[in-house]
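Structural overview
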Amino acid sequence: MEVKIMKMVVEKIETKFDQEKVIEEFEDLTKDGGRIQEETLKKILEQNGGTEYLEQWGLNGRTDPQTFKNCVPIVTHNDLEPYIQRIADGDLSPILTGKPVETISLSSGTTQGKPKFVPFNDELMESTMQIFKTSFAFRNREFPIGNGKALQFIYSSKQFKTKGGLSAGTATTNVYRNAQFKKTMKAMCTPCCSPDEVIFGPDFHQSLYCHLLCGLIFRDEVQVVSSTFAHSIVHAFRTFEQVWEALVVDIREGVLSSRVTVPSIRLAMSKLLKPDPELADTIYKKCSRLSNWYGLIPELFPNTRYIYGIMTGSMEPYLKKLRHYAGELSLLSADYGSSEGWVGVNVNPKLPPELVTYAVLPNIGYFEFIPIGGNLNGMEQANSPVGLTEVKLGEEYEIVFTNFAGLYRYRLGDVVKIKGFHNGTPELQFVCRSNLLLSINIDKNTEKDLQLAVEAAAKSLVDEKLEVVDFTSHVNVSADPGHYVIFWELSGEATDEMLQDCCNCLDRSFIDAGYVSSRKVNAIGALELRIVKRGTFHKILDHFVGLGGAVSQFKTPRCVGPKNSSLLQILSSNVAETYVSSAFC
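Below is a short write-up of the structure. (Residues numbered from 1 in each chain as written. Predicted model: local features only at pLDDT ≥ 70, side-chain atom pairs only at ≥ 80, totals over all residues. Heavy atoms only, no water.)

Our focus in this paragraph is the overall build of the protein chain. Broken down by element type, the protein chain carries 21 helices and 20 strands. Burial status across the protein chain gives 56% buried among its 585 residues. For the protein chain, contacts bridging at least 24 residues in sequence account for 72% of all contacts bridging at least 6. Of the roughly 25,100 Å² that the protein chain leaves accessible, carbon and sulfur atoms contribute 51%. (Helix = DSSP H or I, 4+ residues; strand = E, 2+ residues; numbered from the N terminus. Buried < 20%, exposed > 50% of the residue type's maximum accessible area, 1.4 Å probe, protein only. Contact = heavy atoms within 4.5 Å. Areas by Shrake-Rupley, 256 points an atom, 1.4 Å probe, with all protein chains shown as cover.)

Shown next as structure tokens:
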């Protein structure tokens, strides 16, 4: 009876979203970040202190930060992998958490070629909903929406059972499949346009087509266009350019295209799709009048207030195309987290994605920060971690965090800069991944350095109305001397002369002193620009999905390492032209 009453109370709470109350709770949490951090660590250690992992470090029931830091080592995923694997294989003893883990999250796996296993539990789901609600409250204060719908390009990955019978899927899938997610979205007046059958469909091409179709059917109700990552939104509207006439036919006739073959999706769509010649005419006229698809999103969905998704880090290269589709609509960057857990929330939604900051929520985990001190390559324990309230304005740090799901003093692998403070909690700006993407000897080039080099080299394509659809890189150390290889997919044909200039510009645009000096003495060889065939990066996406990944969690790997042989094979087998830099000859 008591459980039933509690369930009714929760459901009642979720039916109405109290924006000001959520903001007030956030303000209270952040006013005394240091105390909240100590309480959070104590709670984590009280719940999990008797686990095999923590007992070996001699905490002996102590829960204070200093003892925790003195006893428990800083680790990476490799250190915890044997423990997580035992859990996945069915070991029910308290290994990392006091309560048994029932669900495993998979990281995107786009960088190393295989996803990592990460424990997922109810506490992580609660912190996810707290992040969503807090973010929405601040967002809705600046960009208020009424009762409407969200066109969400979200996709579930295939879930499977581990050897020990645990459910495993991407972090986003674990969230989307949780009943709490749908209740929260409904309470925030942004239920998804698409039925569950589309979101959880087995073929993402068919799901994407139906997402677009649902958006058009409910075009006047759409107030938000979103996805987990900016890439998915750009990919969706690139696809729209190809299929819009078929979508118009479906709406005109009220019959779903034969390209959608999954029975459950067809049945769900048949309940929404009715002949509507007037809507079909409207969409046809709007698309026909657009110039190079500029402002496509507000034309299709006139009541949209903003576009929402993660737009930092490896997503920044897609912002130019996203702004093209968005016209005058605001781009709002979503919150900061990873498959391992959440870190911060965007409480300044008016900031453009390039300047977005994230206020750390002090109750969702225990956070430490390793000072970088300008040395991206050597972030070892020589730099002692500092606490949440000890970070300094303008400094850069690598994040170390401890959560409720069995990760203790875990190196997240992200470098952030302290841009300010919200009450007593820092506001972080994402800088880059801590691991160097491109390095042969003394050269040090990050993901951001690669992005800036690509942007500089691509400027000469603009006059020809060409663009870099996507890109990645590889360090070829099998050659002597080793050199950088950059892969580009272009939107059209470019001349050899132009691409040779782009290649030279790429080489000159890596301004790291170690790279430049090494190039001048030929310790690093001439950069290669390899142009791949149209659709190559789509093949990489298909490959990722085929491994069980979710489209909405896909991130193009900006550097393909030697272990990721399958992606190297896709890239290499689709090279159309190769150019070798003469910039340092």
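Another aspect to go through is the pattern of salt bridges. Within the structure shown, the criterion is met by 22 salt bridges. The closest approach of N and O atoms between K31 and D28, which form a salt bridge, is 4.0 Å. Placement of both K31 and D28 in helix 2 (residues 19–31) is noted, with a separation of three residues, approximately one turn of the helix. By relative accessible area, which is 46% here, D28 ends up partly exposed. Among the ionic contacts, a cluster of salt bridges with common partners joins D32, R35 and E39. (Salt bridge = Lys/Arg side-chain N within 4 Å of Asp/Glu carboxyl O.)

Quick look at helix 21 (residues 565–573) now. Taken as a whole, helix 21 has its buried residues at L567, L568, I570 and L571. Along the axis of helix 21, the buried residues cluster in a sector spanning 160 degrees; they form a single face. Looking at the buried side of helix 21, the elements it contacts are strand 17 (468–476), strand 18 (483–490), strand 19 (528–532), helix 20 (536–546) and strand 20 (575–580). (Arc of directions from axis to C-beta.)

Right, let's get into the side chain of H483. Within the secondary structure layout, H483 lies in strand 18. A polar side-chain atom of H483 sits 2.7 Å from a polar atom in the side chain of E528. The residues contacting H483, other than those within four sequence positions of it, are I440, H474, V475, N476, I524, G525, A526 and E528. (Polar contact = N/O pair within 3.5 Å; in protein donor to acceptor, adjacent residues only side chain to side chain.)

For the rest of this paragraph, the subject is the nonpolar core. With 139 residues, the main nonpolar core has V225, F237, F240, I307 and I399 as its most contacted residues. By residue number, the principal contributor to this core is helix 12 (residues 230–253), which donates 11 residues. L437, W488, I524 and C559 belong to the second-largest nonpolar core, a separate cluster that totals 30 residues. (Core = buried A, V, L, I, M, F, W, Y, C linked by side-chain atoms within 4.5 Å.)

Sheet architecture is open: four strands sit in the order 3-6-7-8, paired in parallel fashion. Edge strands, defined here as strands with exactly one partner in the open sheet, are strand 3 (149–152) and strand 8 (330–333). Strand-to-strand twist of the sheet, defined as the mean angle between neighbouring strand axes without regard to direction, takes the value 25 degrees. The pairing of strand 3 with strand 6 (residues 222–229) spans four bridges and is parallel. By the bridge assignment for strand 6, Q152 is matched with S226. Sitting on the sheet, helix 12 touches strand 6 and strand 7 (306–310), and the angle it makes with strand 6 is about 120 degrees. (Pairing = 2+ DSSP bridges. Axes fitted to C-alpha atoms, helices over the stretch in contact; angles between N-to-C directions.)

With that settled, consider the pairing of strand 10 (residues 341–345). Two faces, one strand: in a regular strand the side chains alternate between the faces of the sheet. Of all five residues making up strand 10, five are buried, and the element is well covered by its neighbours. Sheet analysis places strand 9 (residues 336–338) next to strand 10, joined by three bridges and oriented antiparallel. Paired with S338 across the bridge in strand 10 is G341. The antiparallel hairpin formed by strand 9 and strand 10 contains two residues in its connecting segment. Two elements, strand 10 and strand 11 (residues 358–360), share two bridges in a ladder whose sense is antiparallel. Bridge pairing in strand 11 links G344 to V360.

Quick look at the packing of helix 17 (residues 447–458) against helix 18 (residues 496–509) now. Contact pair helix 17 / helix 18: the axes reach a minimum separation of 8 Å and the direction vectors enclose 145 degrees. Every pair of crossing elements has a handedness; the one defined by helix 17 and helix 18 is right-handed. Listed contacts from helix 18 to A453, V454, A456 and A457 of helix 17 are C502, C505, L506 and S509. Looking at the contact of helix 17 with helix 18, its residues break down into seven nonpolar, one polar and no charged. (Left-handed = near helix turned anticlockwise from the far one by under 90°. Nonpolar A, V, L, I, M, F, W, Y, C, P; charged D, E, K, R; others polar.)

Further remarks concern the state of the cysteines. Across all of its chains, the model carries zero disulfides by this definition. Here C214 is not cross-linked by a disulfide; its sulfur's nearest cysteine counterpart is in C210, at 6.4 Å. (Disulfide = S-S within 2.5 Å.)

What follows deals with the sheet that holds strand 17. Read across the open sheet, the four strands follow the order 17-18-19-20; overall the sheet is mixed. The sheet terminates laterally at strand 17 and strand 20, the two strands that pair on one side only. Taking the axes of each pair of neighbouring strands and ignoring which way they run, one obtains an average angle of 20 degrees across the sheet. Of the strand pairs in this sheet, strand 18 and strand 19 are connected by five bridges, and their pairing is parallel. Its bridge partner being in strand 19, E489 is matched across the sheet by V532. Those strands touched by helix 21 are strand 17, strand 18, strand 19 and strand 20, and its axis lies near 90 degrees from that of strand 20.

Looking at where E27 falls in the secondary structure, it is placed in helix 2. One buried charge, E27, has no salt-bridge partner; the nearest side chain with opposite charge is R141, at 5.6 Å. (Lys, Arg positive; Asp, Glu negative; His and termini not counted.)

Turning our attention to the pairing of strand 18. Within strand 18, eight of the eight residues are buried, leaving the element largely enclosed by the surrounding structure. Of the two faces of strand 18, the one holding H483, V485, F487 and E489 and the one holding Y484, I486, W488 and L490 are both buried throughout. Here strand 17 runs beside strand 18; their pairing, made up of eight bridges, is antiparallel. By the bridge assignment for strand 18, N476 is matched with H483. Between strand 17 and the antiparallel strand that follows it, strand 18, lie six residues.

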